[in-house]
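Here's the letter readout for the chains.
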Amino acid sequence: MKARAAAAAAALAVVFKTAIASVAKQSKKVYNVLVMGDMGKPYDVLILGGGPAGLSAAIYAARAGLSVLVIERGAFGGTVFQTSEIENYPGGVYGESGREFSSRLSAQADSFGVEKASGAAEKVHMEGKEKKVEAGGNTYSGRSIILATGSIPAKLGVPGEEEYLGRGVSYCAVCDGPFFSGLDVFVVGGGDSALEESMHLAGFARHVTIIHRRDAFRAAKQIVDHTRKKDNISFMLDTVVTGIGGGDLLTRIETENVKTGEKNVIRANDGENFGFFIFAGMNPVTDLFEGIDMKDGYIVTDERMRTNAAGVFAAGDVRFKTLRQIVTAAADGAIAAIEAEKYLIKGE
């Protein structure tokens, strides 16, 4: 039985690799021709943002026969591009990195004829029947637009933060918590997210230490009370992190007490490393979206991804919602694309 199962798994792997290679081969031809976009025509759908939400929307829209342009300011794939390993995407490739996932997703979009343009958006015009985006010195127009610009974690700005991203530093407990099973983990923050994620991490880590610059939390009292009841969670209050470091992985955290000025260096046990999770807030990329209803800086939509502006939809982490994951971003993108198609059919 084990031999047959192994043989079946090996055969499936060959089929899967062949399929990916085929998509990549086709997409390479499309990408080389269309990467700059066609500025001489209005697209059916303009998509601002090339992460999982934007690319999923592009795939669904293109498969529906719509002309699609995705405009991305950075790497196609979005912030997931920086993730070291993806374990919780349903049906994903085990052990696949964010870079590999992003490449497959981007190639899949290319295979359906999705056009792409690189450049940071400078102005977005969403009024009227023809929407326009000024990006990278060019102007693109479309009959509908999907805003999928995402959100970016607020950073501490301390030495070592960038260097150890993916090597101990993380901004997502759901994504990376299991990588630190049985290890000591530190969480920076004092809001609802910091404490809720700390409780999630406590299910994996040997011990979780919450570092907060004040002596009281911004989080709701009920959440604070639940956190305090966890046996493997402790608190380091009135404290800021001044630097992090180590070797290949994060093994050193430098702190300072804001009241006494006392400095301290925390070192990992021999042969171990730390998990270091930062929850200093998120910054949705919505600065250019005038006239769109928002809450706490995030775009408000209905369940059909429609904003308050006709022909304008939003998908992914830029939306006001409770969970921001690859799977929810992809779902948002699919819904937004279908709703954009309905909008175009009605000719509103």
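Before reading further, recall that the structure is shown in the block above.
To start, this report covers the structure provided alongside it.

**As for the side chain of serine 144**
Step number 1: Its place among the elements puts serine 144 in the loop between β7 (138–142) and β8 (145–147).
Step number 2: With residues up to four places along the chain from it excluded, the contact list for serine 144 reads Asp44, Val45, Leu46, Lys131, Gly311, Phe313, Ala340, Tyr343 and Leu344.

**Some details on the sheet that holds β7**
As a general point, the strands of a sheet are linked pairwise by backbone hydrogen bonds and lie either parallel or antiparallel.
Step number 1: In spatial order, the strands read β1-β7-β6-β5; together these 4 strands make up an open sheet with mixed pairing. What marks the edges here is a single partner per strand, and that holds for β1 (42–43) and β5 (121–125).
Step number 2: Direction of pairing for β5 relative to strand β6 (residues 131–135): antiparallel, over a ladder of 4 bridges. Note that in β6 the partner of valine 124 across the bridge is valine 133.

**Concerning the packing of aromatic side chains**
Step number 1: Counting across every chain of the model gives 6 aromatic pairs.
Step number 2: Relative to phenylalanine 274, the ring of phenylalanine 186 has its centre 4.9 Å away and its plane inclined at 75°; by these criteria the two rings are edge-to-face. Taken as a pair, phenylalanine 186 in strand β11 (residues 184–188) and phenylalanine 274 in the loop between β16 (263–267) and β17 (275–278) lie far apart in primary sequence, 88 residues in all.
Step number 3: Aromatic side chains phenylalanine 277 and phenylalanine 279 sit 6.4 Å apart centroid to centroid with 10° between the ring planes, which places their arrangement in the stacked category.
Step number 4: Three or more aromatic residues link up through ring pairs in this structure, and these residues are Phe180, Phe277 and Phe279.

**As for the sheet that holds strand β4 (residues 115–118)**
Step number 1: Overall, parallel pairing links the 5 strands, which are arranged β4-β3-β2-β8-β21 in an open sheet. At either end of the open sheet lies a strand with only one pairing partner, and these are β4 and β21 (312–314). Strand-to-strand twist in this sheet, taken as the mean axis angle between neighbours without regard to direction, amounts to 20°.

**A few points about the state of the cysteines**
Step number 1: Scanning the entire structure with this criterion turns up 1 disulfide.
Step number 2: The disulfide partner of cysteine 172 is cysteine 175, and the S-S distance across this bridge is 2.2 Å. Here the S-S torsion is close to 70°, and the disulfide linking cysteine 172 with cysteine 175 is therefore right-handed.
Step number 3: Since its relative accessible area comes to 23%, cysteine 175 is described here as partly exposed.

**Here's the deal with the pairing of strand β2 (residues 45–48)**
Step number 1: Because side chains alternate across β2, one face comprises the buried residues Val45 and Ile47, and the other comprises Leu46 and Leu48, equally buried.
Step number 2: Relative to strand β3 (residues 68–72), β2 runs parallel, the two sharing 4 bridges. Looking at β3, one finds that isoleucine 47 is bridged to valine 70.
Step number 3: Taken together, β2, helix α2 (residues 52–63) and β3 constitute a β-α-β crossover, and its handedness is right-handed.
Step number 4: Sheet topology places β2 next to β8; 3 bridges connect them, and they run parallel. Looking at the pairing, leucine 48 lines up with leucine 147 of β8.

**Thoughts on unusual backbone geometry**
Step number 1: Despite not being glycine, aspartate 238 shows a phi value in the positive range, around 55°.
Step number 2: You can see aspartate 238 is positioned in the loop between β13 (233–236) and β14 (239–246).
Step number 3: Under the relative-accessibility criterion, aspartate 238 is labelled buried at 14%.
Step number 4: Positioned with a positive phi, methionine 305 is a non-glycine residue whose angle comes to about 65°.
Step number 5: Among the structural elements, methionine 305 can be located in the loop between β20 (298–299) and β21.

**Let's talk about the side chain of serine 141**
Step number 1: Looking at the element boundaries, serine 141 is found in strand β7.
Step number 2: When its relative accessible area of 9% is taken as the criterion, serine 141 is described as buried.
Step number 3: A distance of 3.5 Å separates a polar atom in the side chain of serine 141 from a polar atom in the side chain of glutamate 130.
Step number 4: Sequence-distant contacts of serine 141, that is, excluding residues within four places in its chain, are made with Lys41, Pro42, Tyr43, Leu46, Glu130, Lys131 and Lys132.

**A word on the nonpolar core**
Step number 1: Judged by nonpolar contacts, the single largest core of 31 residues is most densely connected at Val45, Ile47, Val68, Val70, Val114 and Ile146.
Step number 2: Elements supplying a minimum of two residues to this core: β2, α2, β3, α3 (98–111) and α7 (326–346).
Step number 3: Beyond its immediate sequence surroundings of up to four residues, isoleucine 47 is in contact with Gly54, Ala57, Ala58, Val68, Leu69, Val70, Ile71 and Ile146.
Step number 4: If you look at the next biggest cluster of nonpolar residues, it comprises 20 residues, including Leu69, Val124, Tyr140 and Ile145.

**Some thoughts on the pattern of salt bridges**
Step number 1: Inspection of every chain in the model, using the stated rule, returns 17 salt bridges.
Step number 2: Where glutamate 162 meets lysine 155, a salt bridge forms, and the shortest distance between an N and an O atom there is 2.6 Å.
Step number 3: Aspartate 184 is paired through a salt bridge with arginine 206; the nearest N and O atoms lie 3.2 Å apart. In this pair, aspartate 184 is assigned in strand β11 and arginine 206 in the loop between α5 (192–201) and β12 (207–211), connecting sequence segments 22 residues apart.
Step number 4: Each of Asp184, Arg206 and Glu272 takes part in a single network of salt bridges with overlapping partners.

**Quick notes on the packing of α2 against α7**
Step number 1: Their axes nearest at 7 Å, the elements α2 and α7 cross at an angle of 35°. The interaxial crossing formed by α2 with α7 has right-handed handedness. Between α2 and α7, the contacting residues are Pro52, Ala53, Ser56, Ala57, Tyr60 and Ala61 on the first element and Ile326, Ala329, Ala330, Gly333, Ala334, Ala337 and Ile338 on the second.
Step number 2: Looking at side-chain class alone, the contact of α2 with α7 contains 11 nonpolar, 2 polar and no charged residues.

About the thresholds
- Residues numbered from 1 in each chain as written.
- Predicted model: local features only at pLDDT ≥ 70, side-chain atom pairs only at ≥ 80, totals over all residues.
- Heavy atoms only, no water.
- Helix = DSSP H or I, 4+ residues; strand = E, 2+ residues; numbered from the N terminus.
- Contact = heavy atoms within 4.5 Å.
- Pairing = 2+ DSSP bridges.
- Phe/Tyr/Trp six-rings, centres within 6.5 Å; stacked < 30°, edge-to-face > 60°.
- Axes fitted to C-alpha atoms, helices over the stretch in contact; angles between N-to-C directions.
- Disulfide = S-S within 2.5 Å.
- Buried < 20%, exposed > 50% of the residue type's maximum accessible area, 1.4 Å probe, protein only.
- Right-handed = clockwise from strand over helix to strand, strands pointing away.
- Polar contact = N/O pair within 3.5 Å; in protein donor to acceptor, adjacent residues only side chain to side chain.
- Core = buried A, V, L, I, M, F, W, Y, C linked by side-chain atoms within 4.5 Å.
- Salt bridge = Lys/Arg side-chain N within 4 Å of Asp/Glu carboxyl O.
- Left-handed = near helix turned anticlockwise from the far one by under 90°.
- Nonpolar A, V, L, I, M, F, W, Y, C, P; charged D, E, K, R; others polar.

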